[in-house]
Amino acid sequence: MDARTRELYDRLTRVQERLRLACRRSGGDPAAVTLVAVTKEVGVDDLRRVLGLGVRDIGENRAQEMVRKYEVVGDEARWHFIGHLQTNKVKYVVDKTRLIHSLDRPSLAEELQRRAERRGLVVQALIQVNTSGEESKFGLPPEEVPEFREWLKRCRNIRVRGLMTMAPFFDDPEETRPIFRRTKELFDRLRADDEGFDLLSMGMTNDFEVAVEEGANIVRIGRAIFGERDDPGEVVP
Ligand SMILES: *Cc1c(COP(=O)(O)O)cnc(C)c1O
């Protein structure tokens with residue numbers, strides 16, 4: 001094991017331990033929480049290293065970057081598309097992603113439906129909710145989610161599996177708790193009449209413990225595993 005692999009192993013182990021403790025506090029089952037390792041801006045070498053360490057779920061937020069890495073490791077990873085998805089990029093990711101976390105508008109759903117149907121696929125997706133109301137974030141306001149979800153029933157090649165949300169950055173992660181709690185309440189309401197609506201993706205490096213305490217069963221973690229990025233923010237090319 002090279003020094004970098006050892007470092008990633010240590011970081012990953014720490015994250016998994018923190019996840020386990022957060023699950024214990026909430027009475028949840030750690031095995032029921034999926035850790036998605038977010039490899040945006042992370043090189044292919046580190047991607048291979050975490051795959052070698054047994055991580056399978058990999059998150060990317062840009063289509064081109066995901067495709068580039070897909071060409072190297074293929075289906076060795078289960079790919080999660082977690083960023084804003086431009087309609088003209090759907091064709092590149094539709095047949096490669098395990099789960100699209102960022103379904104947030106009818107035009108995107110229509111393109112997903114069209115491309116999935118053409119390829120004979122059923123795409124799994126989460127509706128992205130902007131629970132915090134923060135303007136810079138993508139996602140639907142919570143009050144529009146039930147109607148969108150009903151509308152999505154016409155898209156026979158899209159299976160809506162749950163919700164995704166992002167909290168704004170706070171120095172104190174406790175401040176994210178009401179956002180995650182409200183998202184979980186919405187999730188529970190929507191889930192009541194659909195057992196297949198079972199995935200709640202929330203929590204990142206800053207706030208994943210709070211998210212899991214509030215009921216997340218998918219967390220998306222980048223920096224706690226790979227270290228800081230030189231983050232230029234979400235640049236939409
Ligand atoms: C970058 C990103 C993450 C991971 O963020 P970290 O702070 O690196 O853990 C999670 N979700 C989305 C949508 C992201 O863009």
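Quick look at the structure, then. As a convention, each chain's residues are numbered from 1 in the sequence order in which they are written. Thresholds applied to this predicted model are a pLDDT of at least 70 for local features of residues and 80 or more for the giving and counting of side-chain atom pairs; totals over whole chains, interfaces and linings are not thresholded and use all residues. Heavy atoms throughout the structure, all of them, feed into the side-chain values; hydrogens and water do not.

Section: the pairing of strand E2 (residues 57–60)
Neither face of E2 is open: one carries Asp-57 and Gly-59, the other Ile-58 and Glu-60, and all of them are buried. Strand pairing is assigned whenever DSSP detects at least two bridges linking the two strands. A run of H or I in DSSP counts as a helix once it spans at least four residues, and a run of E counts as a strand once it spans at least two, with each numbered from the N terminus. Pairing of strand E1 (residues 34–38) with E2 involves two bridges; the strand directions are parallel. From the neighbouring strand, Val-38 faces E2, where its bridge partner is Gly-59. Handedness is read with the strands pointing away from the viewer; a crossover is right-handed when the path from the first strand over the helix to the second is clockwise. Taken together, E1, helix H2 (residues 44–52) and E2 form a β-α-β motif whose crossover is right-handed. Taken together, E2, helix H3 (residues 63–73) and strand E3 (residues 78–81) constitute a β-α-β crossover, and its handedness is right-handed. Exposure classes here rest on a 1.4 Å probe applied to the protein chains alone. A residue is buried below 20% of its type maximum, exposed above 50%, and partly exposed in between.

Some words on the packing of aromatic side chains
Whether two aromatic rings pair depends on their centres lying within 6.5 Å, for rings of Phe, Tyr and Trp, where Trp uses its six-membered ring; planes under 30 degrees apart make the pair stacked, over 60 edge-to-face, and the rest tilted. Enumeration according to the criterion identifies three aromatic pairs in this entry. Ring geometry for Tyr-70 against Trp-79: centres 6.3 Å apart, planes inclined by 55°, an arrangement best described as tilted. For Trp-79, a relative accessible area of 0% gives the class buried. Taking NZ or CZ as reference, Arg-149 lies 4.5 Å from the ring centre of Phe-197, over its face. Sitting over a ring, as applied to charges here, requires NZ of Lys or CZ of Arg to be within 6 Å of the ring centre and within 35 degrees of the ring normal.

Observations concerning helix H1 (residues 3–26)
Expected span of a helix: the number of residues minus one, times 1.5 Å. With 24 residues, H1 should reach 34 Å at 1.5 Å per residue; the first-to-last C-alpha distance of 35 Å fits that figure. Taken together, the buried positions of H1 are occupied by Thr-5, Leu-8, Leu-12, Val-15, Leu-19, Ala-22 and Cys-23. Contacts are residue-level and defined by heavy atoms, with any inter-residue pair within 4.5 Å sufficient. Where the residues of H1 are buried, they touch E1, H2, helix H8 (208–213), strand E8 (218–221) and helix H9 (223–226). Phi turns positive one or two residues past the end of H1, at Gly-27, with a value near 75°.

Here we look at unusual backbone geometry
Even without glycine at this site, Glu-41 takes up a positive phi of about 65°. Mapped onto the fold, Glu-41 is located in the loop between E1 and H2. On the accessibility criterion, Glu-41 (36% relative accessible area) is partly exposed.

Brief notes about the site of the ligand
Consider each residue's heavy atoms; a residue with any of them within 4 Å of a molecule or strand counts as near. Near the ligand, the surroundings consist of Val-38, Lys-40, Ile-82, Met-166, Met-204, Thr-205, Arg-220, Ile-221, Gly-222, Arg-223 and Arg-229. Any pair of nitrogen or oxygen atoms within 3.5 Å is treated as a polar contact; in protein, a donor-acceptor pairing is required on top of that, and neighbouring residues in sequence qualify only through side-chain atoms on both sides. One nitrogen or oxygen atom from the side chain of Lys-40 is found 2.7 Å from an oxygen atom belonging to the ligand. In the model, a nitrogen atom of the ligand is placed 2.9 Å from a nitrogen or oxygen of the Arg-220 side chain. For the ligand, whose unbound accessible area comes to 390 Å², protein coverage reaches 97%. A breakdown of the residues in the shell around the ligand according to their chemical character gives five nonpolar, two polar and four charged. Surface accessibility in these figures is a Shrake-Rupley result with a 1.4 Å probe; residues are shielded only by whichever protein chains are displayed. Side-chain classes follow a simple rule in which Ala, Val, Leu, Ile, Met, Phe, Trp, Tyr, Cys and Pro form the nonpolar group, Asp, Glu, Lys and Arg form the charged group, and the remainder, Gly included, forms the polar group.

Side note on the pattern of salt bridges
For this analysis, a salt bridge means a side-chain nitrogen from Lys or Arg found within 4 Å of a carboxyl oxygen belonging to Asp or Glu. Counted under the stated rule, the structure contains 26 salt bridges. Between Arg-105 and Asp-104 there is a salt bridge whose closest N-O contact spans 2.8 Å. Of the two residues examined, Arg-105 and Asp-104, each falls in the buried class. For Arg-177, the salt bridge goes to Glu-214, with nearest N and O atoms at 2.8 Å. Residue Arg-177 is found in helix H7 (residues 177–191), and its partner Glu-214 is found in the loop between H8 and E8; the two are separated by 37 residues along the sequence. In terms of burial, Arg-177 and Glu-214 fall into one category: buried. Taken together, the salt bridges that share partners define one network made up of Asp-2, Arg-4, Glu-7, Arg-11, Asp-46 and Arg-49.

A closer look at H3
Within H3, burial applies to Ala-63, Glu-65, Met-66, Val-67, Lys-69, Tyr-70 and Val-73. Considering only its buried residues, H3 is in contact with H2, E2, E3, helix H4 (90–93) and strand E4 (97–103). Positive backbone phi, at 60°, marks Gly-74, one or two positions downstream of H3.

Examining the packing of H2 against H3
Structural elements are reduced to axes, namely lines fitted to C-alpha atoms, with helices fitted over the stretch in contact, and the angle between N-to-C directions of any two is expressed from 0 to 180 degrees. The interhelical angle for the contact between H2 and H3, taken along N-to-C directions, is 55°, at an axis separation of 11 Å. Considering their axes alone, H2 and H3 lie oblique with respect to each other. Crossing hand, H2 versus H3: right-handed. Contacts between H2 and H3 involve Val-44, Leu-47, Arg-48 and Leu-51 from the first element and Arg-68, Lys-69, Val-72 and Val-73 from the second. Among the residues forming the contact of H2 with H3, the class breakdown is five nonpolar, no polar and three charged. When an angle is under 35 degrees it counts as roughly parallel; over 145 it counts as roughly antiparallel; between 65 and 115 it counts as roughly perpendicular; any other value is oblique. Rotating anticlockwise by less than a right angle from the far helix to the near helix defines a left-handed crossing, while the corresponding clockwise rotation defines a right-handed one.

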